[in-house]
Amino acid sequence: AASSDYPLRDVYKRQTLRLRAARLGRLLVCGGGTDSGGDGSGGGPEVALASAAVRRAPALLTYHPETLVLKHASLARLLGLPPRAPPLARLLRRQPLLLALDSAGLERRVAQLGAALGAPRGELLRLVHAQPSLLTLAPGSAAAKAAALRGALGLGAPEAAALVRSNPSLLTLSSGTLAR
């Protein structure tokens, strides 16, 4: 390729990144990930939200916009929310990494979290809305952290689960911190 091709390729890359950021921003505003007309450059709060999300989860820019839309729809189904629901957009603004996780992995995490806390699905989803980072815990981590909390406080499983349900951010602490 001639050296004159490089500036065009750079322009194309910048345009592609701008388009991906704009579509990501729409998912974070209202859950609308498809083009609504115009040049697709986004604007307003979309740009700021996409920028904040990419700072926290840079890999989001590597996904094709339609892949993010599918991941968004899958997460909405998992959480029992309509795709354009404001609570889903708020949850993703707080934890944009959820868009990078695969749906099967998210299902497993929900099941493991429910087992660790002995919480029914409805209660579990309420906890996830309050603390979205619970869905980013490594497999088995919730159970290990609940056990550390039980050991440190001398609680039985039901009491420790009730404590975590009343304060889900406890599971975001390290097992070492919980054991102290």
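In this text, all values refer to a predicted model and were calculated from it rather than measured experimentally.

Here we take up the packing of helix α3 (residues 65-79) against helix α5 (residues 103-117). Orientation of α3 relative to α5, taken along the N-to-C sense of each, is 20 degrees, at an axis distance of 10 Å. The pairing of α3 with α5 is recorded here as roughly parallel in orientation. In the packing of α3 onto α5, the handedness of the crossing is right-handed. Here α3 contributes Ser-74, Leu-75 and Leu-78 to the contact with α5, which in turn contributes Ser-103, Leu-106, Glu-107 and Val-110. Tallied by class, residues from the contact of α3 with α5 come to 4 nonpolar, 2 polar and 1 charged.

Right, let's get into the nonpolar core. Across soluble globular proteins, nonpolar side chains have a tendency to be buried as a group. Counting residues in each nonpolar core, the largest one holds 44 residues, and the members touching the most others are Leu-24, Leu-75 and Leu-79. Secondary structure elements with two or more residues in this core: α1 (5-29), α2 (45-56), α3, α4 (86-94), α5, α6 (121-130) and α7 (141-153). The element contributing the most residues to this core is α3, with 6 residues.

Quick look at α3 now. Spanning 15 residues, α3 covers 21 Å between terminal C-alpha atoms, matching the ideal 21 Å at 1.5 Å per step. Downstream of α3 by a residue or two, Gly-80 has a phi angle that is positive, lying close to 70 degrees.

Structurally, Arg-109 can be placed in helix α5. In this structure Arg-109 is buried but unpaired, with Asp-102 as the nearest side chain of opposite charge at 6.4 Å. Contact partners of Arg-109, with chain neighbours within four places excluded, come to Leu-101, Leu-135, Thr-136 and Leu-137.

Of note, Pro-132 is situated in the loop between α6 and α7. What makes Pro-132 buried here is its relative accessible area of 2%. Taking the C-alpha atoms as reference points, Pro-132 and Arg-94, 38 residues apart in sequence, are found 7.1 Å from one another.

Moving on to the pattern of salt bridges. Note on pairing: side chains with opposite charge can pair once their charged atoms come close. The final tally for this structure, using the stated rule, is 4 salt bridges. One salt bridge in this structure joins Glu-66 and Arg-23, with 3.8 Å as the shortest N-O distance. In this pair, Glu-66 sits in helix α3 while Arg-23 sits in helix α1, placing the two residues 43 residues apart along the sequence. Its relative accessible area of 14% is what places Arg-23 among the buried residues. The salt bridge involving Glu-123 is made with Arg-165; its shortest N-O contact spans 4.0 Å. Placement of Glu-123 in helix α6 and of Arg-165 in helix α8 (residues 157-166) is noted, with a sequence separation of 42 residues between them. One continuous salt-bridge network, built from bridges that share partners, spans Glu-123, Arg-126 and Arg-165.

As for its placement among the helices and strands, Leu-134 is situated in the loop between α6 and α7. Along the backbone, Leu-134 and Leu-171 are 37 residues apart, and their C-alpha atoms lie at a distance of 7.1 Å. When sequence neighbours within four positions are dropped, the list of residues in contact with Leu-134 reads Leu-113, Leu-127, Pro-168 and Leu-171.

Turning our attention to α4. When we look at burial in α4, the residues that qualify are Leu-88, Ala-89, Leu-91 and Leu-92. The arc that holds every buried residue of α4, seen down its axis, measures 160 degrees, which confines them to one face.

A separate point is the confidence of the model for the chain. Taken over all residues, the pLDDT of the chain has a mean of 84, while the share at 70 or more is 90%. Within the chain, the lowest mean pLDDT, 82, falls on α1, and the highest, 92, falls on α3. Scored below 50 in pLDDT, residues 34-42 shows 13 contacts in the model against residues more than four places distant or in partner chains.

Rules and cut-offs
- Residues numbered from 1 in each chain as written.
- Predicted model: local features only at pLDDT ≥ 70, side-chain atom pairs only at ≥ 80, totals over all residues.
- Heavy atoms only, no water.
- Axes fitted to C-alpha atoms, helices over the stretch in contact; angles between N-to-C directions.
- Helix = DSSP H or I, 4+ residues; strand = E, 2+ residues; numbered from the N terminus.
- Parallel < 35°, antiparallel > 145°, perpendicular 65-115°, else oblique.
- Left-handed = near helix turned anticlockwise from the far one by under 90°.
- Contact = heavy atoms within 4.5 Å.
- Nonpolar A, V, L, I, M, F, W, Y, C, P; charged D, E, K, R; others polar.
- Core = buried A, V, L, I, M, F, W, Y, C linked by side-chain atoms within 4.5 Å.
- Buried < 20%, exposed > 50% of the residue type's maximum accessible area, 1.4 Å probe, protein only.
- Expected span 1.5 Å × (residues − 1).
- Lys, Arg positive; Asp, Glu negative; His and termini not counted.
- Salt bridge = Lys/Arg side-chain N within 4 Å of Asp/Glu carboxyl O.
- Arc of directions from axis to C-beta.
- pLDDT = per-residue confidence, 0-100.

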